[in-house]
Amino acid sequence: MSRTRHAFLIDKDGRIAEMAGGAWNFAHGHAIRRHSHLEDQLLFASEGVMTVETIEGVWVVPPLRAVWIPAETAHAVVMSGRVSMRTLYISPRLCRTLPRRCMVINISSLLRELILHACQFSKLRKRVVAERHVIELILDQLKLVESIPVQLPHPHDSRARKLADRLRTNPREQRSLQTLSMECGASKRTMQRLFAEESGMSFSRWRQRARLIYAMQSLAAGESVTNAALEAGYSSTSAFISMFRKQLGTTPARYMAAAD
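The rules we used
- Residue positions are given per chain, counted from 1 along the sequence in the order it is written.
- For this predicted model, a pLDDT threshold of at least 70 governs which residues receive local features, and a threshold of 80 or more governs which side-chain atom pairs are given and counted, while totals over whole chains, interfaces and linings are taken from all residues.
- The basis for every side-chain value is the complete set of non-hydrogen atoms in the structure, without hydrogens or water.
- Throughout, exposure labels follow a simple rule: accessible area from a 1.4 Å probe, protein chains only, divided by the maximum for the residue type, with under 20% read as buried, over 50% as exposed, and the rest as partly exposed.
- Secondary structure elements are taken from DSSP: a helix is a run of H or I of four residues or more, a strand is a run of E of two residues or more, and numbering for both begins at the N terminus.
- Paired strands, as defined in this entry, are two strands with at least two bridges between them according to DSSP.
- A contact between two residues is defined here by any heavy atoms of the two lying within 4.5 Å.

This paragraph deals with the pairing of strand S4 (residues 40-53). Across the 14 residues that make up S4, a large majority, eleven, are buried. Pairing of S4 with strand S7 (residues 75-90) involves twelve bridges; the strand directions are antiparallel. Paired with Val49 across the two strands is Ser80, which belongs to S7. Here S4 pairs with strand S6 (residues 65-69) via four bridges, running antiparallel. Paired with Phe44 across the two strands is Ala66, which belongs to S6. Sheet analysis places S4 next to strand S5 (residues 57-61), joined by four bridges and oriented antiparallel. Across the sheet, the residue bridging to Glu53 is Val58, located in S5. Joining the antiparallel neighbours S4 and S5 is a turn of three residues.

Another aspect to go through is the environment of Met50. Counting through the fold element by element, Met50 comes out in strand S4. What makes Met50 buried here is its relative accessible area of 0%. In this view, Met50 contacts Leu43, Phe44, Ala45, Trp59, Val60, Val61, Val77, Val78, Met79, Val83 and Met85; residues no more than four positions away in its chain are not counted.

Here it is, written out as structure tokens:
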């Protein structure tokens, strides 16, 4: 698939900055086509939910969380609900200790304010004392972040990928794994092995995560907790809330409302 490459750190005078900020607002359903950056990117949702997809998987970014996207990672973004996006582009040479893979992270109150402050600048340069202090504070905060389990890895085998795409589109599918596997060209045992080997989680756990992500997107689009739970294939609202709490440590309403 073709993609666009962007660079954000070059000044008009040709000099290179260390960080740049950006702020955009999007309507529900808006999609940003697959592209990549020469810089590392911190993509933050101050309102709404963003879904980031790469060749490796899907990451859902709830309100007041962020996704870390290393330089040269081709990705697309889809908005659920009205989204206020704030993003930082950072020189990769400043982030050598940070992971070279995508991850969704919790954002502290201090880092949140630093992101919003940095987004008021088109460029931040270490040669400017006040801007250097902002850069250094942000980098210090990034070293302390914790990742959260809202990633859905893509299996690469064509049979497993076919089933994964089907379940992501229709998480309410109730037919047995045996039946679904056969329709996708594999036995139940082979499909279980493929998911375990290629996604790093069992099929049942992968499916559980897919349902959770689907429900989060529905909540961001304005659905009630009950409707989001049923659309995602949960047997009841209480079952959804219980699973949500088990995975993310709080209720759906509190999590989507957004705290630290």
